[in-house]
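Residue-level structural notes
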Number of protein chains: 2
Amino acid sequence: MNCSDAHAVLAANALLSADLRGIDSHGIARLSGYVRLWEVKRVNATPAIKIVHETPSTAVLDGDQGLGLVIAQEAMKIAIAKAEKVGTGWVSVQNSNHFGIAGYHAMLALEHNMIGVAMTNASPLVAPTFSIDKMLGTNPIAVAAPAGSQPPFVADLATTTAANGKLEILQRKNEETPAGWVQDQSGHSTTDAHILKKGGALLPLGSDREHGSHKGYALGAMVDLFSALLSGANYAPWVPPFPAYVPMPAQQPGKGIGHFIGAIRIDAFRPADEFKKDMDHWIEGFRNARPMEGHYQVLVPGDPERIAEQERLQDGISLHEEVVKDLHELGARFDLPFE
Amino acid sequence: MNCSDAHAVLAANALLSADLRGIDSHGIARLSGYVRLWEVKRVNATPAIKIVHETPSTAVLDGDQGLGLVIAQEAMKIAIAKAEKVGTGWVSVQNSNHFGIAGYHAMLALEHNMIGVAMTNASPLVAPTFSIDKMLGTNPIAVAAPAGSQPPFVADLATTTAANGKLEILQRKNEETPAGWVQDQSGHSTTDAHILKKGGALLPLGSDREHGSHKGYALGAMVDLFSALLSGANYAPWVPPFPAYVPMPAQQPGKGIGHFIGAIRIDAFRPADEFKKDMDHWIEGFRNARPMEGHYQVLVPGDPERIAEQERLQDGISLHEEVVKDLHELGARFDLPFE
């Protein structure tokens, strides 16, 4: 695609992190999707990423239609530099594309003794409470905070009951979803994993009004405000779709998709070692909470992904045969050896 | 209680806002609770609120055990002043008490053309996913953002499936809860609204693992980190209880309860009028989404509370007879006329 070496390394690191952490839907499996977006000129492989406005603690970054995988990491660099100087840094990004897993970008702040924050909007798959129309993406929120002797706290969550990747797994197996994940084109509850292609929608975290779907909807909306309304990116149902074959929305109120990246220097609040000691105590408290019958331990956000990473660093990463086929085709096409 | 006039006005405004906005559980109904906390010396009516550490965009505020209703507003003043100078302001608060509704504090930023953020931790009523023990409070998140011709966006949500106030209403009526709101002392699902007194717990937003309760748990945990780990307040199961008759936890890793208050100056990102025009377009998009059968319109976060406020400004606020009795008793005791 003619990416610079530096950008190729950044993008590969972000994708590899998803595969290592067990989030297969956001790793190398997406590579052919990014290439297809580049082919239809929705991804610019050689972007001139630039700050269009800034203050000591804020910036708006124009991603020049590049890979979100790369742009979000540039945004985090800026956020960290600002946090070094004035305590926190907040970068809202316009004119970007899909950025991979939010957690990876948030975790970049950890080695600087900072809390990392990463959010992104995404193409509309989610119906707000009482709505038939799909108005929001799965709009994830990630927060990573360092601990002392314990591993870091890493929360990374779609603001929907189930992420789209979970739905895709059921589609491949031709299985039904649990109740409360999706609705049909009239807004009725369904368990059809293929319902999105038939006018259905994913549901906000909470599933229905009685179980707090208005809260999941509000959280997804917040992500949209921070990522797109603050940056001048597209928002709500006008966010560009990820699949290259889906036409762009006719209306384009902004530029590309939007992210929101933050870095919080811990010693801008209190000494980092005191914070980390309390984080260890906090984490140990949760690990020592009494688990329900049938569960070995209460988990802390980030545990499942860290355990997957340990296993996969040791045993390697299994790829779905479709993904291997995709990679062979890409290799042949770009004259790159792939065995 | 010997509050200064200035503090009494701040506290009254915060309580009145809850009653006007239809959140009866957090308004004047709480007054006798605050007084009881003062009687057992857990609330200091004449606090010396002070900044203990700061950078251009951050501060830690020591509330000196005062009313959270007052301290959170002082924190927002500091956050706004910092945002004026460097784009954003973030104040983590230690040594505070219950601060009323989060939304009120977030909304204080609106008239400054800023987005307001308010979070607080709270005494442990919530069991994380797979846990029997109650480890977190209902830890709300509020975000308020101004629009142009449309009313502001105001999201204010407990990170649980149902707020404790909703449970209290069912307790008074002796009704059962919907499935997915609470669990019993063994972690089994129950619909007993009185279960918290029997070792049960509220559930994180999502209700169970299959419906994303690990996400609600992670969100509640984030609020705890920002509010207490950054400030040096008590956290997790060690947050002091609201009812004055409940003994303090034996272990006290920090001081009082914690809040996290933020102000984001919109024109630190882009011109406020452009942002507001896009907010109007965003809001109109959601109001024009097709509603499900049986619903007149898709709501925008803040709509129900704004509608309640319009009605109550016109018709007055109905008080529960228990609350009126409470106020009569308080009036008699403090020699204040109440008719």
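Just so you know, these numbers come straight off a predicted model, no measurement behind them.

1. Things to note about the pairing of strand β2 (residues 58-62) of chain B
Residues and elements named next belong to chain B. Judged by how many residues are buried, β2 sits mostly within the fold: 5 of 5 residues are covered. Burial of the side chains of β2 extends over both faces: Thr58, Val60 and Asp62 are buried on one face and Ala59 and Leu61 on the other. Looking at chain direction, strand β1 (residues 50-55) and β2 are connected through 5 bridges and run antiparallel. Directly across from isoleucine 51, in β2, lies its bridge partner leucine 61. Bridging between β2 and strand β3 (residues 88-96) involves 5 bridges; their strand directions are parallel. Note on β3: the bridge partner recorded for leucine 61 is valine 93.

2. Observations concerning unusual backbone geometry
Its identity is not glycine, yet A:Asn95 carries a phi of approximately 60 degrees, on the positive side. Inspection of the secondary structure assignment puts A:Asn95 in strand β3 (residues 88-96).

3. A short note on the confidence of the model for chain A
Fine structural detail should not be taken from predicted coordinates in areas where pLDDT scores are low. Residue and element names in this part refer to chain A. Of all residues in chain A, 100% attain a pLDDT of 70 or more, and the chain-wide mean is 96. Strand β4 (residues 114-120) holds the highest mean pLDDT among the elements of chain A, 99, whereas helix α5 (residues 164-173) holds the lowest, 88. Reported for the predicted complex are a pTM of 0.98 and an ipTM of 0.98.

4. Focus on the sheet that holds strand β2 (residues 58-62) of chain A
Residues and elements named next belong to chain A. Read from one edge to the other, the open sheet built from 7 strands follows the order β1-β2-β3-β10-β4-β5-β6, with strand pairing classed as mixed. Only two strands of the sheet have a single partner each, and these edge strands are β1 (50-55) and β6 (153-157). With direction set aside, neighbouring strand axes in the sheet form an average angle of 10 degrees. Sheet analysis places β3 next to strand β10 (residues 257-265), joined by 7 bridges and oriented antiparallel. The residue of β10 that forms the bridge with valine 93 is histidine 259. Contacting β2, β3, β4 and β10, helix α3 (residues 68-86) runs over the sheet at an angle of about 155 degrees to β3.

5. Points about the sheet that holds strand β7 (residues 182-183) of chain A
For sheets, the rule is that strands pair by backbone hydrogen bonds, running either parallel or antiparallel. All names here are of chain A. Taken in spatial order, the 3 strands make up an open sheet running β8-β7-β9, and their pairing is antiparallel. Each edge of the open sheet carries a strand with a single partner, namely β8 (189-190) and β9 (201-202). The sheet contact formed by β7 and β8 spans 2 bridges and is antiparallel. When the bridges of β8 are listed, glutamine 183 appears paired with serine 189.

6. Details of the relation of the copies chain B and chain A
Superposing chain B onto chain A takes a rotation of 180 degrees plus a shift of 0.0 Å along the axis, which leaves an RMSD of 0.0 Å. Such values leave the two copies arranged in the relation of a two-fold axis. Among all residues of chain B, the minimum C-alpha distance to the rotation axis is found for B:Gly206, at 2.4 Å. Of the residues that chain B buries at the interface, 100% are likewise interface residues in chain A, meaning the two copies contact each other through the same surface.

7. Here's the deal with the pairing of β10(A)
Residue and element names in this part refer to chain A. Of all the 9 residues making up β10, 9 are buried; the element is thus mostly covered by neighbouring parts of the structure. Where burial is concerned, the two faces of β10 agree: the one with Ile257, His259, Ile261, Ala263 and Arg265 and the one with Gly258, Phe260, Gly262 and Ile264 are both buried. With 7 bridges connecting them, β4 and β10 associate as antiparallel partners. Residue pairing across strands places isoleucine 115 opposite isoleucine 264, the latter belonging to β10.

What counts as what
Starting from 1, residues in each chain are numbered consecutively following that chain's sequence as written. The lettering of chains begins at A and the numbering of ligands begins at 1, in the order of writing. In view of the model being predicted, local features appear only for residues whose pLDDT reaches at least 70, and side-chain atom pairs are presented and counted only at 80 or more, with totals across whole chains, interfaces and linings using the full set of residues. Three exposure classes are used, based on other C-beta atoms lying within 10 Å of a residue's own C-beta, which is placed from the backbone: buried for 20 or more, exposed for 12 or fewer, and partly exposed in between. Put simply, DSSP H or I for four residues or longer makes a helix, DSSP E for two residues or longer makes a strand, and each gets a number counted from the N terminus. In this description, strands pair whenever DSSP reports at least two bridges between them. Per-residue confidence from the prediction method is given by pLDDT, with values spanning 0 to 100. Axis lines are fitted to C-alpha atoms, over the contacting stretch for helices. Their N-to-C directions set the angle, which ranges from 0 to 180 degrees. With C-beta atoms placed from the backbone, a contact is any residue pair whose C-beta atoms sit within 7 Å. Residues reaching a pLDDT of at least 70 in both copies supply the C-alpha atoms on which the copies are superposed by least squares.

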